[in-house]
Each structure stands twice: as C-alpha cells, then as structure tokens.
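Chains, contacts and geometry: an overview
Chain by chain, the residues run as shown.
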Amino acid sequence: MTDRLTNSLTAIADDLRRESEACDKAERAAIGHAMTAGRMLCEAKEECEHGQWLPFLKRAGMSERKAQRWMKLHRGRLNPDTVSLLGGVTPALSFLASRDRAMGYLDLAEAAAIRSDAGGEVTKEELLQPLELAIATMMAMGLDLEQAEHDRKDSQSKTVGAVHFAAEETAR
C-alpha cells in the first residue's frame, strides 16, 4: 500500500477541505444571525404594545415558535462558539433548558435552607433532593459538553490530517 495520492484524490482532498471550511463558516454565520435575530426580537417585544406582537411577527415573516426559540437563545447569553460546540441552535436550546432546570433545583434547595435558617421546619429530604437533582442535571450537561468537544476535536483532527496528507503528497 502506498501513501501517495493520485492527482484525482489530491484534488478531491483540496475540494473537501474548501467545502468543510465553507460549511464551518456558514454554521458560524447562521448561529450569529439567529443570535442577532433573537436580540432584535427581544427589543421589538419590549416596544410592542398589547396586541401588536403577533402582527409584528407576521410582518416579519416569522412564526411565534421560531421567535420564542431565538429569543431564548439570545437571553441564554451563550457565545456563538459555545452554540457551535453544543452542535448548533437546537442542541444549545436543550442545553439552556437543562441549565434552567438545574438552576430551578438550586433555587428550591436555597429556599429550604433559608426556611431552615429562619427556624422553619425543613426535612433533610427537602434540602437534599433538589441538590441531588441539580447535580444530576449538571452532570448530564457536562457529559453532553464533553461528547460535543470530543466530536468537534475528532472532526478537526481528521480534516487536519487529510489536509496535511494532501499537502505532503502535493509537495512530492
């Protein structure tokens, strides 16, 4: 088996590299547009008077559901690289929902602790259960992030390897 690529394979590798780069660039642009649209929607919703929101969305050619999703993405305060690392807008929205759920559990635990500090009756379960749920939710989120990071690095290393291999073959 030879490490030398045919001219055809070298050309395909070069084209593949360009397509991969274009795809990455388009993904970053799409995420940026979704986040900007989310910001604009939040601003517009604040400005809308009662009964103006749905006509505004209709004028903008946007469904209410899409508007809600993009507004949630904006309010989530994730940076575009994080959204990309998570796999795009839809997985980022799932991540935000999990993050919100974990924060809700922590709020419940904090409320129980405050009641206890104030001399209120609080069971051990009322204190521990929300903490356990928060920890489980955060651990699941961490595993998703680790898998996304692994997938991203694996994809990048394969692309870089193909590019280096094609460059070496071109230099020979």
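Our structure is the block above this text.
Summarised in this report is the structure supplied together with it. (Residues numbered from 1 in each chain as written. Predicted model: local features only at pLDDT ≥ 70, side-chain atom pairs only at ≥ 80, totals over all residues. Heavy atoms only, no water.)

**Quick look at a nonpolar patch on the surface**
Operational definition: Patches here are clusters of residues that have more than 30% relative accessible area and form no salt bridge, with a 9 Å joining cutoff for like charges and a 5 Å cutoff for nonpolar side chains (Val, Leu, Ile, Met, Phe, Trp, Tyr). For every accessible area listed, the method is Shrake-Rupley and the probe measures 1.4 Å; residues are considered covered only by the protein chains on display. Take a side-chain nitrogen of Lys or Arg and a carboxyl oxygen of Asp or Glu: if they are within 4 Å of each other, that pair is a salt bridge. Every helix listed is a DSSP run of H or I at least four residues long, and every strand listed is a run of E at least two residues long, numbered separately from the N terminus.
There is a patch of nonpolar side chains on the surface, built from L128, L131, I135, M138 and M139 and spanning about 440 Å² of accessible area. Considering the arrangement of structural elements, one finds M139 in helix α6 (residues 124-171).

**So, the packing of aromatic side chains**
Geometrically, a pair of aromatic rings is defined through the distance of the ring centres and the angle of the planes. So the rule is basically this: For this analysis, a ring pair means two rings from Phe, Tyr or Trp (six-membered ring only for Trp) whose centres lie within 6.5 Å, classed as stacked if their planes differ by under 30 degrees, edge-to-face if by over 60, and tilted for the remaining angles.
What the rule picks out here adds up to one aromatic pair. Plain terms: the ring middles of W53 and F56 are 5.6 Å apart, the flat faces sit at 20° to each other, and that makes the pair stacked. Within this pair, W53 and its partner F56 are both found in helix α2 (residues 53-60), separated by three residues, close to a single helical turn.

**Considering the packing of helix α3 (residues 64-75) against helix α5 (residues 89-117)**
Packed helices, taken two at a time, are described by the angle between their axes plus the distance between the axes. Rule in force here: To get an axis, a line is fitted to the C-alpha atoms, and for a helix only the part in contact is used. The angle between two axes follows their N-to-C directions and goes from 0 to 180 degrees. The handedness criterion is simple: a crossing whose near helix is rotated anticlockwise from the far helix by less than a right angle is left-handed, and one whose near helix is rotated clockwise is right-handed. By definition in these notes, contact holds between two residues if any of their heavy atoms fall within 4.5 Å. Charged residues are taken to be Asp, Glu, Lys and Arg, nonpolar residues to be Ala, Val, Leu, Ile, Met, Phe, Trp, Tyr, Cys and Pro, and polar residues to be all remaining types, Gly included.
In the contact formed by α3 and α5, the axes pass within 10 Å of each other and the chain directions differ by 65°. Crossing hand, α3 versus α5: left-handed. On α5, the residues that touch R69, K72 and L73 of α3 are V89, T90, A92, L93, L96, A97 and D100. Looking at the contact of α3 with α5 residue by residue, the class counts come to six nonpolar, one polar and three charged.

**Details of helix α1 (residues 7-47)**
Convention followed: By this rule, a helix spans an expected 1.5 Å times one less than how many residues it contains. For each residue, the accessible area found with a 1.4 Å probe, counting protein chains only, is set against the maximum for its type, and the residue is called buried under 20%, exposed over 50%, and partly exposed in between.
An ideal rise of 1.5 Å per residue puts 60 Å on 41 residues; α1 measures up with 60 Å between its terminal C-alpha atoms. Of all the residues in α1, the buried ones are T10, A13, I31, A34, M35, A37, G38, L41, C42 and A44.

**Structural notes on the packing of α2 against α3**
Spelled out, the test is: What sets the label is the angle itself: under 35 degrees gives roughly parallel, over 145 gives roughly antiparallel, 65 to 115 gives roughly perpendicular, and the rest give oblique.
Two elements in contact, α2 and α3, have axes separated by 10 Å at closest approach and are oriented at 95°. Relative to α3, the element α2 lies roughly perpendicular. Contact residues: α2 offers W53, L54 and L57, while α3 offers E64, A67 and M71. Partitioned by chemical class, the residues of the contact of α2 with α3 number five nonpolar, no polar and one charged.

**Structural notes on the side chain of T137**
This is how it is decided: N or O atoms within 3.5 Å of each other form a polar contact, as long as, within protein, one can give a hydrogen and the other can take it, and as long as residues adjacent in sequence are counted only when both atoms are side-chain atoms.
You can see T137 is positioned in helix α6. Within the structure, T137 has its side chain in polar contact with the backbone oxygen of L133 (distance 2.8 Å).

**Examining the pattern of salt bridges**
Scanning the entire structure with this criterion turns up four salt bridges. R115 serves as the salt-bridge partner of E126, at 3.0 Å between the closest nitrogen and oxygen. Placement of the pair is E126 in helix α6 and R115 in helix α5, with a sequence separation of 11 residues.

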